[in-house]
Amino acid sequence: MAFARTAFLAASVSLLAGAAHAETFNIQTSFNAGDFSTKYMTENWLPKIEEMTEGRVEIVFTPNGSVVPAKDTPEAVAAGVLDGDFTSVNYFSGLEPAYAIMGDLISGYDTPEQMLDFCREGGGEAVMQKAADAVTGGEVHVVACGPYSREALVARVPIRTFEDLEGKKIRSPEGLAAAVFQGAGASPVSIPFSEVFGALEKGIVDAADASAYVNNDATGMHDVAPYPLYPGIHSMPSMQFTINKAKWDALSEADQQALRDWWYEAMYAMAAEVSKQDAELAARDDATDDIEVIDWAQEDRDQLRVVAREQWEIYAEKSDLAKEALDANISYMTEIGLFGE
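Keep in mind it's a predicted model, so treat the numbers as computed, not measured.

Quick notes on the overall build of the protein chain
Consideration 1: Each helix and strand in the protein chain was counted, giving 15 helices and 9 strands.
Consideration 2: In terms of principal-axis extent, the alpha carbons of the protein chain reach across some 85 × 45 × 40 Å.
Consideration 3: Within the protein chain, buried positions represent 51% of all 341 residues.
Consideration 4: The long-range fraction of contacts in the protein chain, counting pairs at least 24 apart against all pairs at least 6 apart in sequence, stands at 77%.
Consideration 5: Accessible surface computed for the protein chain: about 15100 Å², of which carbon and sulfur atoms make up 52%.
Consideration 6: Averaging the locations of the 24 positively and 56 negatively charged side chains of the protein chain gives two centres separated by 2 Å.

Here's the deal with the state of the cysteines
Consideration 1: Under the defined criterion, the tally for this structure stands at 1 disulfide.
Consideration 2: Across the disulfide from C119 sits C145; the S-S distance is 2.2 Å. Since a negative S-S torsion denotes a left-handed disulfide, the C119-C145 link at about -110° is left-handed. With C119 in helix 6 (residues 112-121) and C145 in strand 4 (residues 140-147), the pair connects residues that are 26 residues apart, well separated along the chain. The burial state of C119 is the same as that of C145; both residues are buried.

Digging into the sheet that holds strand 8 (residues 207-209)
To summarise the sheet geometry, strands pair through backbone hydrogen bonds and adopt either a parallel or an antiparallel arrangement.
Consideration 1: With respect to topology, 4 strands assemble into an open sheet ordered 5-8-6-7, the strand pairing being mixed. Only two strands of the sheet have a single neighbouring strand rather than two, namely strand 5 (153-155) and strand 7 (187-189). Shown here is a sheet whose adjacent strand axes are inclined to one another by a mean of 30°, direction ignored.
Consideration 2: As judged from the 3 bridges shared by strand 5 and strand 8, these two strands associate in the antiparallel manner. Among the inter-strand pairings, L153 is bridged to a residue of strand 8, identified as D209.

Considering helix 14 (residues 298-315)
Consideration 1: Given a rise of 1.5 Å per residue, 18 residues ought to cover 26 Å, and the 25 Å separating the end C-alpha atoms of helix 14 matches this to within 8%.
Consideration 2: Listing the buried residues of helix 14 in full gives D300, R301, L304, R305, V307, A308, Q311, W312 and Y315.
Consideration 3: Lining the buried residues of helix 14 we find helix 5 (98-103), helix 8 (176-183) and helix 15 (320-335).

Quick word on empty space enclosed by the protein
Consideration 1: Going through the model one piece at a time under the given rule, you end up with 2 cavities of 30 Å³ or more.
Consideration 2: As for the largest cavity, its lining consists of S107, G108, D110, R150, I233, R301 and R305.
Consideration 3: Split by residue class, the lining of the largest cavity holds 1 nonpolar, 2 polar and 4 charged.
Consideration 4: Each pocket or cavity is described by its volume, and for the second largest cavity that value is around 30 Å³.
Consideration 5: D104, L105, S107, G108, Y109, M115, H234 and M236 are the residues that line the second largest cavity.
Consideration 6: Residues belonging to the lining of the second largest cavity are distributed by class as follows: 4 nonpolar, 3 polar and 1 charged.

A few points about the sheet that holds strand 1 (residues 23-29)
Consideration 1: Pairing in this open sheet of 5 strands is mixed, and the strands run 2-1-3-9-4 from one edge to the other. The sheet is open, and its two edges are formed by strand 2 (57-62) and strand 4, each paired on a single side. Going from strand to strand, the sheet's axes swing by 20° on average, the running direction of each strand aside.
Consideration 2: Pairing of strand 3 (residues 84-88) with strand 9 (residues 238-244) involves 5 bridges; the strand directions are antiparallel. Bridge pairing in strand 9 places T87 opposite Q240.
Consideration 3: Across the face of the sheet, helix 13 (residues 253-286) comes into contact with strand 2, strand 3, strand 4 and strand 9 while running at roughly 20° to strand 4.

The rules behind the values
- Counting restarts for each chain: residues are numbered from 1 in the order of the written sequence.
- With the structure being a predicted model, the display of local features is reserved for residues of pLDDT at least 70 and the display and counting of side-chain atom pairs for 80 or more, all residues being used for whole-chain, interface and lining totals.
- Side-chain metrics rest on all non-hydrogen atoms present in the structure, leaving aside hydrogens and water.
- Secondary structure follows DSSP: runs of H or I at least 4 residues long count as helices, runs of E at least 2 residues long count as strands, and numbering of each begins at the N terminus.
- With a 1.4 Å probe rolled over the protein chains alone, any residue whose accessible area is under 20% of its type maximum counts as buried; one over 50% counts as exposed, and the rest are partly exposed.
- Any two residues whose heavy atoms approach within 4.5 Å are treated as being in contact.
- The method behind every accessible area is Shrake-Rupley, applied with a 1.4 Å probe, and residues are considered shielded solely by the protein chains displayed.
- Charged-residue counts in this description rest on Lys and Arg as positive and Asp and Glu as negative, His and the chain ends being excluded.
- By convention, charge coordinates are those of NZ in Lys, CZ in Arg, CG in Asp, or CD in Glu.
- Note that a disulfide, as used here, is simply two cysteine sulfur atoms within 2.5 Å.
- Here the rule is simple: two strands pair whenever DSSP picks up at least two bridges between them.
- For every element, the axis is a line fit to its C-alpha atoms; helices are fit only across the contacting stretch, and the angle between N-to-C directions ranges from 0 to 180 degrees.
- By definition here, a helix of n residues has an expected span of 1.5 Å times n minus one.
- Buriedness of a pocket was judged along seven lines, with at least five required to meet protein on both sides within 12 Å; pockets are open sets of points on a 1 Å grid over the protein atoms alone, cavities are sets where a 1.4 Å probe fits but cannot get out, and lining residues have an atom within 4 Å of a point.
- Grid points are joined across faces, edges and corners, and a volume is the space filled by probe spheres set on the points.
- Side-chain classes follow a simple rule in which Ala, Val, Leu, Ile, Met, Phe, Trp, Tyr, Cys and Pro form the nonpolar group, Asp, Glu, Lys and Arg form the charged group, and the remainder, Gly included, forms the polar group.

This is a description of form; function is not addressed.
Here you go:
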């Protein structure tokens, strides 16, 4: 009986010791505190990492800019100011041109799942790691990457086909997105996001690169732009999940694998949830007389992708790594049938 009590106490002490050594990772995100993404991840997925690592790892999210500006997170992770980041890759395009290719291959993939697969299985992670090494000297480990939503395009006039882009004034960020729209015959206009609603309302632009359908709905964009293109034809911003290299190396292989699995499972689930919400809102709106939801035919999407590819290749000339990033994407896109052999 005494032996049994001793064994029980020893097991209890062992469990408590394991719990006491749980590693907490403070991860800055590029989500704002009240975003759907923040709430979804916090409520549904942060508890699961503790389950998947049997309590050895805990993750705490902090919102966009809470510790450092989003564009400075690679340096902050490398220095150990942050344990890691969960950030839109586009923030880093000024550090290395490859980040622009990996951050949003405008008019590239048809679904977030396709690019998540590219990151997880098609070489995307390896390219992201090279980019991280180039700007941090090897002090940051890229755990995973990929998008969770495809943005819709809000329009105040019908743009039902590829040919309808000709001459349309489209609000677009500068860089790759603007180059693609211009290559397709549209006239890109650079205005701040805060002015998009007014520009559409006044007819300064015909359409706008804004956000996902659910967000455009929430901000009332469809009140002034009742011809949204959904599913979208252009932007699919990608995220990265990184951890300080020393902290990553201190984890067991099992916990490293758990973190990677956790992130991809979370992103596939969030992509499905966002897609579901977008589809429900689009169906609701299309059933009214006030909004016409436009879904481009595949041949029109393919035409835009061909034009976009010309602009990707021009942009990829900015660095050797950008060229490598584009080659990796095109190889995978060809493999899954988005380009012909």
